[in-house]
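Architecture at a glance
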Amino acid sequence: MHKLLDRIGRWLAFRMEAEKAHGLAIAGLKTGQLGPRQIVQDTRLSVDLAGLKFPNPVGVAAGFDKNAEVYEPLLKLGFGFSEVGTLTPRAQAGNPQPRVFRLPLDHGVINRLGFNNDGHGPAVDRLRLAPPTGIVGVNIGANKDSEDRIADYVAGIEKFADLAAYFTVNISSPNTPGLRDLQTREKLAELLDRVAEAMQRQQRPVPVFLKIAPDVTEADLDEICDEVLAKAIDGMIISNTTLSRANLARDINEAGGLSGRPLFERSTIMLAKVRQRVGPDLALVGVGGVENAATALSKIRAGADLVQLYTGMIYQGPHIAQEICAGLTRELDAGEAASIGDLRDSQLDEWAARPAPA
């Protein structure tokens, strides 16, 4: 029945402007009427990573629950973890609307939101008032007009250190001018040093992940991975949206980052290349084009410990996590692997050898 309801909900949502539909989804989750259904509970899907125990490897990527409003309903839908944000120290409106564009033929989305959010304060209040019952990470970013963007990331660490299960340092959005410059080696080294110093001042250690773009060159990727390994960083999230428009069903002139199915191959190739560079011990989260059990499994085989999705939920509906987990369980039933982690890296070399889409 929930598949039929999801299809009806998608039909209705696609008849309104994309950002309004997102607001409706948030409102619907707040009512608690979207779940839970039959949540898949299988210990073979659990993942121990960076000092955290994830009940399953499927999470909600940042961007959906920007202001920490619905992390608990998302967990109740069967996600193994959720990530709030991106949150900046001060509230900001983001870029002018319209700024979200669906690509139904490609199962993709282009957005140029620009870190629109209510700022640190309201999110802190919500997380304190209703402590999460599961793993909720906090994605931190910098204000567009900040004079010291690295200081904004430090402020995020300090503000959420006693609330976040983990932090994501997001330097990979294409929608804040100059933000991706923080991926250059000199800036990245300074950022990671200051983030690590801020974390050392906190009473409670919290894992820190770095989220990168899928469009960096091989040489830049070498430098990024070297810096991550040299600093006190627990993992990487690969990847954010792409500026590429390769292989779309039709030309589209909108600026912004492309997510969903068109990002899958590019982001999975980069994931494998990162795994080859950082080795087996660093935590890696695969993002980009996860929409079913097959794509989630491909990410894991290419080197991911965990996966995240957002656009997939737009096209597949709110019960996508339990459908993916059910599919992963069937895969384990049919094979010889004792746990989902045993499948990690099983197609690493194959994925890393593929050329990225033009």
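Residues numbered from 1 in each chain as written. Predicted model: local features only at pLDDT ≥ 70, side-chain atom pairs only at ≥ 80, totals over all residues. Heavy atoms only, no water.

1. A look at the pattern of salt bridges
Quick note on the threshold: When a carboxyl oxygen of Asp or Glu lies within 4 Å of a side-chain nitrogen of Lys or Arg, that pair is called a salt bridge. Numbering goes from the N terminus for both helices and strands, where a helix is a DSSP run of H or I of at least four residues and a strand is a run of E of at least two.
This model, assessed by the stated rule, comprises 24 salt bridges. Here Arg194 ties to Glu190 by a salt bridge, and the two come within 3.3 Å at their closest N and O atoms. Residue Arg194 and its partner Glu190 are both found in helix H6 (residues 185–200); the two are separated by four residues, about one turn of the helix. Of the charged contacts, one joins Arg275 and Asp305 as a salt bridge, the two residues approaching to 3.0 Å between their closest N and O atoms.

2. Some details on the environment of Ala255
Quick note on the threshold: Exposure is judged per residue with a 1.4 Å probe applied to protein chains only, and the accessible area is read against the type maximum: over 50% gives exposed, under 20% gives buried, and values in between give partly exposed. The contact criterion used throughout is that any non-hydrogen atoms of two residues lie within 4.5 Å.
Along the polypeptide, Ala255 turns up in the loop between strand E10 (235–238) and strand E11 (257–260). Residue Ala255 is classed as partly exposed on the basis of its relative accessible area, which comes to 47%. Expressed as a C-alpha distance, the spacing of Ala255 and Ile110, which sit 145 residues apart in the sequence, is 7.6 Å. Apart from the residues lying within four places of it in its own chain, the contact partners of Ala255 are Ile110, Arg112 and Arg245.

3. A look at the layout of surface pockets
Where empty space is left can be seen by rolling a probe of water-molecule size over the atoms. Put simply, the rule is: Using only the protein atoms, space was sampled on a 1 Å grid; points where a 1.4 Å probe fits but cannot get out form cavities, open sets with protein on both sides within 12 Å along at least five of seven lines form pockets, and lining residues are those with an atom within 4 Å of a point. Grid points are joined across faces, edges and corners, and a volume is the space filled by probe spheres set on the points.
Roughly 260 Å³ of volume is contained in the second largest pocket. Together, 17 residues line the second largest pocket, and Ile39, Pro55, Asn56, Leu75 and Phe79 are the ones closest to its centre. Per-element accounting of the lining of the second largest pocket gives the leading share, three residues, to helix H3 (residues 71–76).

4. What about the sheet that holds strand E6 (residues 108–111)?
So the rule is basically this: Between any two strands, at least two bridges found by DSSP are needed for them to pair. Simply put, an axis is a line fit to the C-alpha atoms, just over the touching stretch for a helix, and the angle between two N-to-C directions goes from 0 to 180 degrees.
If you trace the three strands from one edge of the open sheet to the other, you get E5-E6-E11, paired in antiparallel fashion. A strand with exactly one partner marks an edge of an open sheet, and here the two such strands are strand E5 (100–103) and E11. Along the sheet, successive strands turn relative to each other by an average axial angle of 25 degrees, direction set aside. Across four bridges, E6 lies against E11 in antiparallel orientation. Counterpart to Ile110 in the pairing with E11 is Leu258.

5. Describing the packing of aromatic side chains
Which entries qualify depends on this criterion: Aromatic pairs are defined between Phe, Tyr and Trp rings, using the six-membered ring for Trp, whenever the two ring centres lie within 6.5 Å; interplanar angles under 30 degrees are classed as stacked, those over 60 as edge-to-face, and all others as tilted. Any Lys NZ or Arg CZ that is within 6 Å of a ring centre and within 35 degrees of that ring's normal is treated as a charge sitting over the ring.
Following the criterion strictly, the structure yields five aromatic pairs and no others. An angle of 80 degrees between the planes, with centres 5.0 Å apart, marks the rings of Phe54 and Phe81 as edge-to-face. With a gap of 27 residues between them, Phe54 in strand E2 (residues 52–54) and Phe81 in strand E4 (residues 81–87) connect regions that are remote in the sequence. You can call Phe81 buried: its relative accessible area is 1%. Judged by centre distance (5.5 Å) and plane angle (90 degrees), the ring pair of Phe64 and Tyr310 falls under edge-to-face. Of this pair, Phe64 sits in strand E3 (residues 58–65) while Tyr310 is found in the loop between strand E13 (306–309) and helix H10 (311–316), placing the two residues 246 residues apart along the sequence. Ring-pair connections join several aromatic residues into one group, and the members of that group are Phe54, Phe81, Tyr166 and Phe209. Directly above the aromatic system of Trp351 lies the positively charged group of Arg354, at a separation of 3.7 Å from the ring centroid.

6. A closer look at helix H7 (residues 218–230)
Counted only if it meets this: Helix span, as expected, comes to 1.5 Å for every residue beyond the first. Our arc is simply the arc of the directions from the helix axis toward the C-beta atoms.
Under the 1.5 Å per step criterion, the end-to-end length of H7 is 18 Å for 13 residues, consistent within 8% with the ideal 18 Å. Restricting attention to buried positions, one finds in H7 the residues Leu221, Ile224, Cys225, Glu227 and Val228. Burial along H7 is one-sided: seen end-on, the buried residues are contained in an arc of 160 degrees. Taken together, the buried residues of H7 touch H6, strand E9 (208–212), E10 and helix H8 (264–278).

7. Comments concerning the packing of H7 against H8
We count it as follows: Any angle that falls under 35 degrees is termed roughly parallel, while one over 145 is termed roughly antiparallel, one within 65 to 115 roughly perpendicular, and all others oblique. Less than a right angle of anticlockwise turn of the near helix away from the far helix marks a crossing as left-handed, whereas a clockwise turn marks it as right-handed. Each residue gets one of three labels, nonpolar for Ala, Val, Leu, Ile, Met, Phe, Trp, Tyr, Cys and Pro, charged for Asp, Glu, Lys and Arg, and polar for the others, Gly among them.
Between H7 and H8, whose axes approach to 10 Å, the crossing angle comes to 50 degrees. With respect to their mutual orientation, H7 and H8 come out oblique. Remark: the crossing between H7 and H8 carries right-handed chirality. Together, Glu218, Leu221, Asp222, Cys225 and Leu229 of H7 and Met270, Lys273, Val274, Arg277 and Val278 of H8 make up the contact between the two elements. Of the residues contributing to the contact of H7 with H8, the split by class is six nonpolar, no polar and four charged.

8. A word on unusual backbone geometry
Note: most residues except glycine have negative phi, and most peptide bonds are trans. Note that the residue after Gln97, namely Pro98, is joined by a cis bond; omega there is 0 degrees. Here the bond from Ile238 into Ser239 is cis, since omega is 15 degrees, no more than 30 degrees from zero. In this fold, Ser239 is placed in the loop between E10 and E11. Even without being a glycine, His107 presents a positive backbone phi close to 50 degrees. Note that His107 resides in the loop between E5 and E6. Residue His107 is classed as buried on the basis of its relative accessible area, which comes to 16%.

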